Amino acid sequence: MVPLRRGGLFFSAPSLPSFSSSPISLLFSTLSSSSSSSSSSDSQAAAATAATKHIDLTPEELTRISLLIPRLCSSDQLPTAIRLVDASFLANPPLESLSLRILIDRLTSEPDMTQSMALLTRLKHNKSALYSLRPITTLLISSYFKKRRPKEAFKVFNWMSRPDSPCAPQAAAYALLVHGFCRNGFLLEALKVLRAMVAAGMTPAADLRSRVYRALLREARIGEAKELDAALRCVGDGGEGFGKVIDLLDRMIGNWVE
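Computed from a predicted structure; not experimentally measured.

A.B. asks: Which parts of the structure should I look at to understand the overall build of the protein?
C.D. replies: Of regular secondary structure, the protein possesses 13 helices and two strands. By the burial criterion, 45% of the 258 residues in the protein qualify as buried. Per element, the accessible surface of the protein, about 13,100 Å² overall, is 54% carbon and sulfur.

Here is the structure:
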């Protein structure tokens, strides 16, 4: 623990563990810590250099990192926790070996999305971390819905849908989003995600179709509910109805009045 002084009082904050003469020392030397005095350009250059290297971590080292992440989160050192997770992916660790759920829960409790977006941006530019992006975006979306923050979940979806995104939404993510928006009363956002799903050539499953149908009925949009359900059934039966569904959803979204 490192003693720090604030307002004349001393308190302790978690310090990074010592990994002398091990690959983890390279990790911390190339990726700046939160107390680093190096310039932003130097930090970015170091991160770029580190991203080209592979390191090996022992099970003991992974355990120590996993135990450190909750401590950093609880002491409000989120940027450091994010850098630690980002750097750890240089070793291609199993996702379950890191305390990702604890980190995600802490990030989605923040009043804004600054740190959540910082995590996604860092992982996007770390080639060794790309395999983690899809499950991490799923965790973010699920956690935001759990905290009744559907607007933030929609922003994660928009990030995933950008042309330069390395993890475009797949069927499971689309389903998670549509169910979540319907459950939280954000039907317009649900229709937008459904439209993107169909435009990507993915057929909504029966339970997803039923969820949208019931959500429309709750909004007293009986005619639109029946029309959309019929169109989606044609797609589900293997027909060539994707274009019809897209046109219908475009009309519904364009004419939407809360």
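A.B. asks: For this particular structure, what's the right way to read the packing of aromatic side chains?
C.D. replies: What the rule picks out here adds up to five aromatic pairs. On the numbers, 5.7 Å between centres and 70° between planes, the contact of Phe-154 with Phe-181 is edge-to-face. Of this pair, Phe-154 sits in helix α8 (residues 150-161) while Phe-181 sits in helix α9 (residues 171-183), and the two are 27 residues apart along the sequence. By relative accessible area, which is 17% here, Phe-154 ends up buried.

A.B. asks: Even after reading the chapter, I still don't get the confidence of the model for the protein, so can you show me in this structure?
C.D. replies: Interpretation of the predicted coordinates at a detailed level should be avoided for regions scoring low in pLDDT. Here the protein shows a mean pLDDT of 83. Residues at 70 or above account for 76%. Contacts of residues 1-13 to residues separated by more than four positions or lying in other chains number 17 contacts, the stretch itself having pLDDT below 50. A low-confidence stretch, residues 19-23 stays under pLDDT 50, and its non-local contacts, those more than four residues away or across chains, total ten contacts.

A.B. asks: Whenever I open this one, the pattern of salt bridges confuses me. Can you help?
C.D. replies: A side chain with one charge can pair with a side chain of the opposite charge if their charged atoms come near. One pass over the structure, following the stated rule, counts twelve salt bridges. The shortest N-O distance in the salt bridge between Arg-221 and Glu-224 comes to 3.3 Å. Judged by relative accessible area, which is 22%, Glu-224 ranks as partly exposed.

A.B. asks: I tried to follow the side chain of Ser-165 on my own but got confused; where do I start?
C.D. replies: Mapped onto the elements, Ser-165 comes out in the loop between α8 and α9. Taking the relative accessible area as the measure of exposure, Ser-165 reaches 15% and is therefore buried. For Ser-165, the side chain forms a polar contact with the main-chain oxygen of Met-160, separated by 2.9 Å. Here the side chain of Ser-165 touches Cys-167 through a polar contact of 3.1 Å, landing on its backbone nitrogen.

A.B. asks: I'm lost on unusual backbone geometry in this one. Help?
C.D. replies: Backbone geometry follows two general trends: most residues other than glycine have a negative phi, and most peptide bonds adopt the trans configuration. We note that Arg-148 has phi near 55°; this positive angle belongs to a residue other than glycine. By the element assignment, Arg-148 lies in the loop between α7 (130-146) and α8.

Cut-off values and rules
- The numbers attached to residues start from 1 for each chain and follow its sequence in the written order.
- It should be noted that, the model being predicted, local features are given only for residues of pLDDT at least 70 and side-chain atom pairs only at 80 or more, the latter also being counted only at that level, while totals for whole chains, interfaces and linings use all residues.
- Side-chain metrics rest on all non-hydrogen atoms present in the structure, leaving aside hydrogens and water.
- For the purposes of this entry, the term helix denotes a DSSP run of H or I that reaches at least four residues, the term strand denotes a run of E that reaches at least two, and both are numbered from the N terminus.
- Only protein chains enter the accessibility calculation, which uses a 1.4 Å probe; a residue is then buried when its area is under 20% of its type maximum, exposed when over 50%, and partly exposed in between.
- Surface accessibility follows the Shrake-Rupley procedure with a 1.4 Å probe radius. Residue values consider only the protein chains on display as shielding.
- Any pair of Phe, Tyr and Trp rings, taking the six-membered ring for Trp, is counted once the centres come within 6.5 Å. Such a pair is stacked with planes under 30 degrees apart, edge-to-face with planes over 60 apart, and tilted for the rest.
- On a scale of 0 to 100, pLDDT captures the predictor's confidence in every residue.
- Any two residues whose heavy atoms approach within 4.5 Å at even a single point are treated as in contact.
- Think of a salt bridge as a Lys or Arg side-chain nitrogen and an Asp or Glu carboxyl oxygen that are within 4 Å of each other.
- Pairing of N or O atoms within 3.5 Å defines a polar contact, subject to two protein rules: one partner must be a possible hydrogen donor and the other a possible acceptor, and residues neighboring in sequence count only if both atoms are side-chain atoms.

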